[in-house]
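# An overview of the molecular structure
If you want the building blocks of each chain, they are given just below.
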Amino acid sequence: MQKKISIQVLPEEAISQEAVTKYIALSCGISPSNVKGYYTLRESIDARSKQVKINLTLQAFIDEPFQERPVQKFHFKDVHQALQKIIIIGAGPAGLFAALSCLENGLQPVILERGKDVKARRRDLAILNKEGVINEDSNYCFGEGGAGTYSDGKLYTRSSKRGDINRILNLLVHFGAEEKILYEAHPHIGTNKLPQIITAMRQQITDAGGQFIFEKKVTSLSIEKDRIKAVHTADGDSFSGNAYILATGHSARDIFVLLRDHHINIEAKPFALGVRIEHPQSLIDRIQYHCSPQAGRPELLPPASYQLVEQVQAKGVFSFCMCPGGIIATASTSPGELVVNGWSPSKRNNPFANSGMVVQVEQSDAIRFFKQEQKKNKLPVPDENNPLLLMAFQQAIEQKAYQEGGGKFIAPAQRMVDFTQRKTSGSLPDCSYIRGIHSVDLATVLPPYINNALQEGFKAFGHKMKGYLTNEAVVVATESRTSSPVRIPRDAEKLHHPQIKNLYPCGEGAGYAGGIVSAAMDGERVAGAIMVKMKNNLRE
């Protein structure tokens, strides 16, 4: 028989088939010889006590032959001659998985990506990191694979109601990801491995008859009544299809402006903004794994991570996109604006641990900020009903960060304890941020309520994680692209825009996802809705 079994073991036991088999036998009250094999369904670390344990959920085979983990099969149809063509704007997770779903349903996807393929994109990132010169259409946010490709590849999500998480993970394994992402509690691919997976997806799409066209930035729309008839790109080309999936990501500000200028309804959406904080990874390991400085992290345990949240004066302060063994990167998309993000390679073997630390931002916060700025600088206050209000707020803080850093994407920074005491740091510790950091009182960058909330949040986190609040850590501004500051509305069931019946907003940029997996699920969901609509049209 087959039996699902949960056990807790030491790290060295978790990698020993003999030890795990004995635990299975003990759990079932049988001899180890009756256990014919097992595979892992779930694996997580329990570091609540001094002795770190591994939680395992296993599929065990008792007195019957062992079978390997079932491999999910996928069938992608040949769509070279398909009658229905779907225009997908954006090649991030939402766009890619929407395209794969189109293939499964016999629809021809045509992906228009403003940026470059992953290989050419890497060269633009190298220029940004070395010279401080940004390509506005090929950077950490724009290009094949979207923001996730060079920003870590975390696959953890709580969005189970939005779709089938296991299907997304199995698709990633199908295209080259390691099988362990199917059972790890916090699966992660790594920035160094994602490009090959993205390339394999593109190859599948084009082999099946889909089209993948790079450096095609959509700049205008042709609309008749309640339908898009064509999209037009910056180089003068036009593309028409039966439906249009908008999957442009959270940083495509020009798309938000384009929709507004075409009188297509969009809405301001709350998001979160703050900083990225970096500690020595060894310090986080000592805190989380209760190990001594001399001994260091046990060899069999991965670099430690953390997740923190605190309420400060009715505002949520929380960690975001924590990167063990990671690097802080320049995630800007325009000159004169500074955005930082974090990523880790698959081995997470860099000497630093970084995480976003952000505060909730509402429309009222943006209005208060602009009123304060108006008093100081005589600037106009945006209309509080402007759907781009929060985008303008986000942009204003990024511009301040760039100016305070001194240009060339050098980041303003402050030691952590100094930050809580509003003291400009006399020196800064080593930092993974390639463009370099410059000592600044970050109160000159961040709005007062965000600065104050972070100060109090850091103090609270120092009580929760003894040793976390330290001047060994550096606070780097600004972490501002946590999610889209705009939501593009859509019908709750049919998923098209309420005004434009063949426009399907999806993913992070439209405000319906928050990471690779949730964006992928939303892309699939939208493609499925299009298929249902087309089948209904045929019946009619």
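Residues numbered from 1 in each chain as written. Predicted model: local features only at pLDDT ≥ 70, side-chain atom pairs only at ≥ 80, totals over all residues. Heavy atoms only, no water.

Along the chain, the regular secondary structure elements total 14 helices and 22 strands. The C-alpha radius of gyration computed for the chain amounts to 24 Å, which stays within 12% of the reference 24 Å derived for 540 residues, consistent with globular compactness. Projected onto its principal axes, the C-alpha positions of the chain cover 75 × 70 × 40 Å. By the burial criterion, 56% of the 540 residues in the chain qualify as buried. Accessible surface, the chain: about 23100 Å² in total, of which carbon and sulfur atoms supply 48%. Each charge sign in the chain was given a centre, from 64 positive and 55 negative side chains, and these centres are 2 Å apart. (Helix = DSSP H or I, 4+ residues; strand = E, 2+ residues; numbered from the N terminus. Rg over C-alpha atoms; globule rule 2.2 N^0.38 Å. Buried < 20%, exposed > 50% of the residue type's maximum accessible area, 1.4 Å probe, protein only. Areas by Shrake-Rupley, 256 points an atom, 1.4 Å probe, with all protein chains shown as cover. Lys, Arg positive; Asp, Glu negative; His and termini not counted. Charge placed at Lys NZ, Arg CZ, Asp CG, Glu CD.)

Here we come to the sheet that holds strand S22 (residues 503-505). Pairing is parallel across the open sheet formed by five strands, whose spatial order is S6-S5-S4-S10-S22. Strands at the two margins of the open sheet, each flanked by one partner only, are strand S6 (211-214) and S22. Direction aside, the axes of adjacent strands within the sheet are offset by 20 degrees on average. Sitting on the sheet, helix H6 (residues 194-207) touches strand S5 (108-113) and S6, and the angle it makes with S6 is about 125 degrees. (Pairing = 2+ DSSP bridges. Axes fitted to C-alpha atoms, helices over the stretch in contact; angles between N-to-C directions. Contact = heavy atoms within 4.5 Å.)

Take the sheet that holds strand S2 (residues 35-46) next. Hydrogen bonds between backbone groups are what pair the strands of a sheet, and the pairing can be parallel or antiparallel. Pairing is antiparallel in the open sheet, where three strands are placed in the order S1-S3-S2. With partners counted over all chains shown, the strands left at the sheet margins are strand S1 (2-9) and S2, one partner each. The average undirected angle you get between the axes of adjacent strands in this sheet is 25 degrees. The sheet contacts of helix H2 (residues 17-28) involve S1, S2 and strand S3 (53-62), and relative to S1 the element is tilted by about 115 degrees.

The next thing to look at is helix H10 (residues 389-405). Over its 17 residues, H10 extends 25 Å from the first C-alpha to the last, a length consistent with the 24 Å expected when each residue adds 1.5 Å. Along H10, 12 of the 17 residues are buried, which leaves the element largely enclosed by surrounding structure. The set of residues buried in H10 consists of Leu389, Leu390, Met391, Phe393, Gln394, Ala396, Ile397, Glu398, Lys400, Ala401, Tyr402 and Gly405. Among the residues trailing H10, Gly406 stands out with phi positive, at a value near 100 degrees. (Expected span 1.5 Å × (residues − 1).)

So, about the side chain of Thr57. Its place among the elements puts Thr57 in strand S3. A relative accessible area of 18% means that Thr57 is categorised as buried. A polar contact of 3.3 Å, which involves the side chain of Thr57, links it to the side chain of Ser6. Residues in contact with Thr57, not counting those within four places in the same chain, are Lys4, Ile5, Ser6, Tyr39, Thr40, Leu41 and Arg42. (Polar contact = N/O pair within 3.5 Å; in protein donor to acceptor, adjacent residues only side chain to side chain.)

The tally for this structure, following the rule as stated, stands at 29 salt bridges. Salt-bridge contacts for Arg481 lead to Glu337; the nearest nitrogen and oxygen are separated by 4.0 Å. Residue Arg481 is located in the loop between strand S20 (474-479) and strand S21 (486-487), and its partner Glu337 is located in the loop between strand S15 (327-330) and strand S16 (340-343); the two are separated by 144 residues in the primary sequence. Across the salt bridge formed by Lys459 and Glu456, the nearest N and O atoms sit 3.4 Å from each other. (Salt bridge = Lys/Arg side-chain N within 4 Å of Asp/Glu carboxyl O.)

The tally for this structure, following the rule as stated, stands at 12 aromatic pairs. Ring plane angle 85 degrees and centroid distance 5.2 Å describe the contact between Phe61 and Phe66, whose orientation is recorded as edge-to-face. Under the relative-accessibility criterion, Phe61 is labelled buried at 2%. Exposure remark for Phe66: the relative accessible area of 32% places this residue in the partly exposed category. Ring geometry for Phe76 against Phe175: centres 6.1 Å apart, planes inclined by 40 degrees, an arrangement best described as tilted. Here the residue Phe76 occupies a position in the loop between S3 and strand S4 (85-89), and Phe175 occupies one in the loop between helix H5 (165-174) and H6, the gap between them amounting to 99 residues. Given a relative accessible area of 12%, Phe76 falls into the buried group. An aromatic cluster is defined as three or more aromatic residues linked by ring pairs; in this entry it consists of Phe271, Phe369, Phe370 and Phe393. (Phe/Tyr/Trp six-rings, centres within 6.5 Å; stacked < 30°, edge-to-face > 60°.)

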